[in-house]
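Architecture and fold: a report
Here are the chains, one letter per residue:
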Amino acid sequence: MGAADPARIQGVFPFAEREECQSFGVTRRELDIMQVNICKRCNLSCKHCHIGAGPGRTERMDRDVMAACLRLFARNAFRTLDITGGAPELNPDFPWFVAAAAERGIHTIVRTNLAVLREEGCRRFPAFYAEKRVELVASLPYYTEKDTDRQRGAGVFAACIAALRELNDLGYGRDPALTLNLVYNPGGAFLPPNQQSLTAEYRKKLADAHGIAFNKLYALTNNPVGRFGDFLERSGNLPGYMKRLVSAFNPAAVESMMCRNQISVDWDGAIYDCDFNLALGLKADLPGGVLDLTEAELPVRRIVFADHCYACTAGAGSSCGGATA
Amino acid sequence: MKTYYNPEDLEQFGNMGEDAPALWDKFMAYYGGVFEEGALTAKEKALIAFAVAHAVQCPYCIDSYTQTLLQMGVNREQMIEAVHAAAAIRGGATLAHGMQAKNVVKQLEL
């Protein structure tokens, strides 16, 4: 399991013992985001994937669990449904889930790796997304082919650019109703750049070289779990990376950690504080999963912190929605 | 001492302030000011520092500024172009000094 085991992170001041975690170690009264991880299968096997997703994974959420998510969503007045994976497009019940959410008027985000939209069987999704007014959050680790392909596999950058052009043609990134946000993540054992300056750079490079437009860029910090954690451990970078995260600890980022404002639901309905805790198997402090709590009002809960949480509080902070502090 | 350059020394750089703290404080204030955003961006300044580090062949600065640039979103291709800028100036300066040799030869030859 490598560094996916949080106990492998040694020699740092325990995150849970930070003073700010005593004040802000519980969720907000009302939660905005329900993130749902509907499958581990992916067309890619990115080197940094905290989930360890890939073509060989078979876990996927069935329609009963999706329906339970929608009921729990309504019962607790969540505001955003955030669908992720794996590549969500590879779950056969994904179109049903998105359509059901759209019928209910739910603001829905889909996290796409872009390249999947060029695969046979997935070509229909760009038009489907536009029709359902889905907000897209698309991975693009860098604006150059070499750097992107090094992280995500040969040919991925070209496929991403083709998908982005198609999305632009449909109005994504141009029509105010069709939001297209990109995600940068560092290509190694270092922290992300300033989100604002990197956004300007992405905007210019992608426009000049490819004529591509987008709305926002989220600069994410790689979390030392999953495949990225394994890389850190294998390459001897884990102690240095943790030291970097701890040195960059920003107390002001704790209050706005994403885990305080969301739940993260796994394919089998189990609930976690975030997708990283999901990857580590650290379940949320709740009396059951989605199927047990469908009609329940979710209580304020204590966050299950571990030392990988330093990745969300380093520097400008990091979340699935970019910098937080 | 087993080696003239030790990577761990980089983390001990602050100890240089022990014996001349007033001068150290002035240097650090100046250093910090130099690399703040100004007419040049912090990233442009870091790229200059990175190139100069190669020109003056400081392994500590190369290590440090390579990491700084990675964290600023600079990729390998951009870094190597900066190294070439340093190399071009070093090489150009060497060649330009060839004019001195040519002048001496011109003065002395029949």
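Residues numbered from 1 in each chain as written. Chains lettered and ligands numbered in written order. Predicted model: local features only at pLDDT ≥ 70, side-chain atom pairs only at ≥ 80, totals over all residues.

1. A word on the overall build of chain A
Summing up its helical and strand segments, chain A has 11 helices and 8 strands in all. For a compact globule of 325 residues, the expected C-alpha radius of gyration is about 20 Å, and chain A comes in at 19 Å, within 12% of that figure. Dimensions along the principal axes, computed over C-alpha positions, put chain A at roughly 50 × 45 × 35 Å. Residues counted as buried form 52% of the 325 residues belonging to chain A. Contacts spanning at least 24 positions in sequence make up 75% of the contacts within chain A whose residues lie at least 6 apart. (Helix = DSSP H or I, 4+ residues; strand = E, 2+ residues; numbered from the N terminus. Rg over C-alpha atoms; globule rule 2.2 N^0.38 Å. Buried ≥ 20, exposed ≤ 12 C-beta atoms within 10 Å, placed from the backbone. Contact = placed C-beta atoms within 7 Å.)

2. Some points on the confidence of the model for chain B
The predicted model of chain B has a mean per-residue pLDDT of 95, with 100% of residues at 70 or higher. The complex prediction reports pTM at 0.89, with the ipTM value standing at 0.75. (pLDDT = per-residue confidence, 0-100.)

3. Some words on the interface of chain B and chain A
Counting from both sides, the interface comprises 8 residues of chain B and, opposite them, 11 residues of chain A. Ranked by the residues each element gives to the side of chain B that touches chain A, the list is headed by helix 3 (residues 59–71) of chain B, at 3 residues. For the side of chain B that touches chain A, a count of residues per class yields 2 nonpolar, 4 polar and 2 charged. (Nonpolar A, V, L, I, M, F, W, Y, C, P; charged D, E, K, R; others polar.)

4. As for the pairing of strand 5 (residues 180–184) of chain A
Two faces make up the sheet, and in a regular strand the side chains alternate between them. Residues and elements named next belong to chain A. The side-chain alternation of strand 5 yields one buried face, formed by Leu180, Leu182 and Tyr184, and one unburied face, formed by Asn181 and Val183. Of the strand pairs in this sheet, strand 4 (residues 135–139) and strand 5 are connected by 4 bridges, and their pairing is parallel. Bridge pairing in strand 5 places serine 139 opposite valine 183. Taken together, the 3 bridges between strand 5 and strand 6 (residues 217–219) define a ladder with parallel strand orientation. When the bridges of strand 6 are listed, tyrosine 184 appears paired with alanine 219. (Pairing = 2+ DSSP bridges.)

5. Notes on the environment of B:Ala86
Residue and element names in this part refer to chain B. Take alanine 86: it is sitting in helix 4 (residues 76–108). Residue classification places alanine 86 among the partly exposed positions, given that 18 C-beta atoms sit within 10 Å. Separated by 34 residues in sequence, alanine 86 and valine 52 have C-alpha atoms that sit 6.6 Å apart. Non-local contacts of alanine 86, meaning those with residues more than four positions away in its chain, are made with Ala51, Val52, His54 and Ala55.

6. Section: the packing of helix 5 (residues 145–152) of chain A against helix 6 (residues 156–169) of chain A
Residue and element names in this part refer to chain A. Where helix 5 meets helix 6, the axes come as close as 8 Å, and the angle between the chain directions of the two elements is 110 degrees. When the interaxial angle is binned, helix 5 and helix 6 end up roughly perpendicular. Between helix 5, through Glu145, Thr148, Asp149 and Arg152, and helix 6, the contact on the second element is made entirely by Val156, Phe157, Ala158 and Cys160. (Axes fitted to C-alpha atoms, helices over the stretch in contact; angles between N-to-C directions. Parallel < 35°, antiparallel > 145°, perpendicular 65-115°, else oblique.)

7. Considering the sheet that holds strand 5 of chain A
Within a sheet, each strand pairs with its neighbour through backbone hydrogen bonds, oriented either parallel or antiparallel. Residue and element names in this part refer to chain A. Overall, mixed pairing links the 8 strands, which are arranged 6-5-4-3-2-1-7-8 in an open sheet. Two strands in the sheet have a free side with no partner beyond their single neighbour: strand 6 and strand 8 (271–272). With 4 bridges connecting them, strand 2 (residues 80–84) and strand 3 (residues 107–112) associate as parallel partners. Looking at strand 3, one finds that leucine 81 is bridged to threonine 108. Running at roughly 155 degrees to strand 3, helix 3 (residues 94–103) makes contact with strand 2 and strand 3 of the sheet. Strand contacts of helix 7 (residues 195–210): strand 5 and strand 6, with the helix running at about 135 degrees to strand 6, the strand carrying the most contacts.

8. Looking at the pairing of strand 1 (residues 33–37) of chain A
All names here are of chain A. Extensive coverage of strand 1 is indicated by the burial of 5 of its 5 residues. Where burial is concerned, the two faces of strand 1 agree: the one with Ile33, Gln35 and Asn37 and the one with Met34 and Val36 are both buried. Sheet analysis places strand 1 next to strand 2, joined by 5 bridges and oriented parallel. Opposite methionine 34, over in strand 2, you have leucine 81 as the bridge partner. Between strand 1 and its parallel partner strand 2, the chain crosses via helix 2 (residues 63–75), and the hand of that crossover is right-handed. Taken together, the 4 bridges between strand 1 and strand 7 (residues 262–265) define a ladder with parallel strand orientation. Of the residues in strand 7, the one forming a bridge with valine 36 is valine 265. (Right-handed = clockwise from strand over helix to strand, strands pointing away.)

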